[in-house]
Amino acid sequence: MPSFTKTQMLDEFRTIALYEADHILMLRGAEIAATVIGFALDDEGEYLDRPASLVDLQLFPITSAFERGYDFAFRPSFINSLGLHEVQDLLTFMQATPKAGGIKSGAGTHLFMTPDGFCQTVADAAFARWKLEYEPGSGNFTARELALLAEMTEGAVRNAMSDKQEKSENKLHAIPGTKNPVLVEHAEAARWLRGRRGFVPTPDRPRDDRFLAEHLANIRSVTALGDLLRIRLLATFRSLQIAAEKLRWSIATLDGWLIGTQTFDADQAEALARALDLDVALFLGKALEATFRRDHAQGAA
């Protein structure tokens, strides 16, 4: 995991929004800036001086891409996916963020403007993860990208490139002749990353997915259980109709599990767990708990 949390990344995004608002204030004036950021200045000051907590992240659609990008890059899982268009959106957004701020001084700077910024790190790491998973034939890697995936410093990656022991497992072989930046081929990057302690590989199957297991263990409601089932059923079978056919269930029975109206049935719960390659005991326990909580709440009401 990176040295910063998703919450810290989102707080930095709020700061980016404040700098963007000052830019728009200069470009189009106070009314348009207030519409974009969600609140008006009460004096002739600057948005970058306002608390980041005032920024409502729900106003900005790309917020969700940053949230998913964080999980995709650092918590690889069958439930954490990101499309190429979203990866490109993150990279483009960061390239277009202000490089300075402040209407009066014009000299305000912030960590987000550097490669060490949280949002920039997420964008770059998500791109690196996407290349690792989906571009085996053409995805080459920079030292920075490998450092982000391996939870190492760029200096440590360059040291691995300069290792004189050609047959050492720690040696990282760069593409001959590449520089500014030096690049590493996909196969070599994948081999080298597998030996790094800080690298978190994408699991080969759902049963081995610790983030999926963690998510399942935290489920307490039939709604959350249904949401997870829908995601995994569609990913596994491509459609709910095919899923019902594979399970030999009616669509109505499957819908019951998805919308949370099912009557708990241990055989059905086990069939779902096995079809989705989930830990059977864990899934049965959470399905029973969620159903009991729903029934208890309905009875109390």
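Refer to the structure above for everything that follows.
Sequence order as written defines residue numbering, which begins from 1 separately in each chain. Residue-level local features of this predicted model are given only where pLDDT is at least 70; pairs of side-chain atoms are given and counted only at 80 or more, and the full residue set underlies all totals for whole chains, interfaces and linings. Each side-chain value is derived from all of the structure's non-hydrogen atoms; neither hydrogens nor water enter the calculation.

Draft legend 1. Representation of the packing of aromatic side chains. Pairing of aromatic rings covers Phe, Tyr and Trp, the last counted by its six-membered ring, and requires centre-to-centre distances within 6.5 Å; plane angles under 30 degrees mean stacked, over 60 mean edge-to-face, and any other angle means tilted. In this structure the tally under the stated criterion is eleven aromatic pairs. Seen in terms of ring centroids, F13 and F66 are 5.5 Å apart; in terms of plane orientation they differ by 50 degrees. Their pairing is tilted. Taken together, the residues span a long stretch of sequence, with F13 in helix α1 (residues 6–28) and F66 in helix α3 (residues 62–74) at a distance of 53 residues. For F13, a relative accessible area of 3% puts it in the buried group. According to the relative accessible area criterion, F66 is buried, its value standing at 0%. Note on W130 and Y134: the rings are 5.5 Å apart at their centroids and 50 degrees apart in plane angle, and the pair reads as tilted. You can see W130 and its partner Y134 sitting in helix α5 (residues 118–134), four residues apart, about one turn around the helix. Grouped by ring-pair contacts, the aromatic residues F4, Y70, F74 and F118 constitute a single cluster. Whether a charge sits over a ring comes down to the Lys NZ or Arg CZ being within 6 Å of the ring centre and within 35 degrees of the ring normal. If you follow K131 out to its NZ or CZ, it ends over the ring of F141, 5.0 Å from the centre. What counts as a helix is a DSSP run of H or I of at least four residues, what counts as a strand is a run of E of at least two, and both are numbered from the N terminus. Exposure classes here rest on a 1.4 Å probe applied to the protein chains alone. A residue is buried below 20% of its type maximum, exposed above 50%, and partly exposed in between.

Draft legend 2. Highlighting the layout of surface pockets. With a 1 Å grid laid over protein atoms only, a set of points is called a cavity when a 1.4 Å probe fits there but cannot get out and a pocket when it is open yet has protein on both sides within 12 Å along at least five of seven lines; lining residues have an atom within 4 Å of a point. Grid points are joined across faces, edges and corners, and a volume is the space filled by probe spheres set on the points. Counted as a void, the largest pocket has a volume near 310 Å³. Lining the largest pocket we find 15 residues, and of these S3, D116, T121, L148 and M152 sit closest to its centre. If you list the elements that add at least two residues to the lining of the largest pocket, you get α5 and α6 (143–150). If you tally residues by element for the lining of the largest pocket, the top one is α6, at three residues. In this count, Pro and Cys sit with the nonpolar residues alongside Ala, Val, Leu, Ile, Met, Phe, Trp and Tyr, while Asp, Glu, Lys and Arg are called charged and the others, Gly among them, polar. Of the residues contributing to the lining of the largest pocket, the split by class is eight nonpolar, three polar and four charged.

Everything listed here is a matter of coordinates, which is why it stays silent on function.
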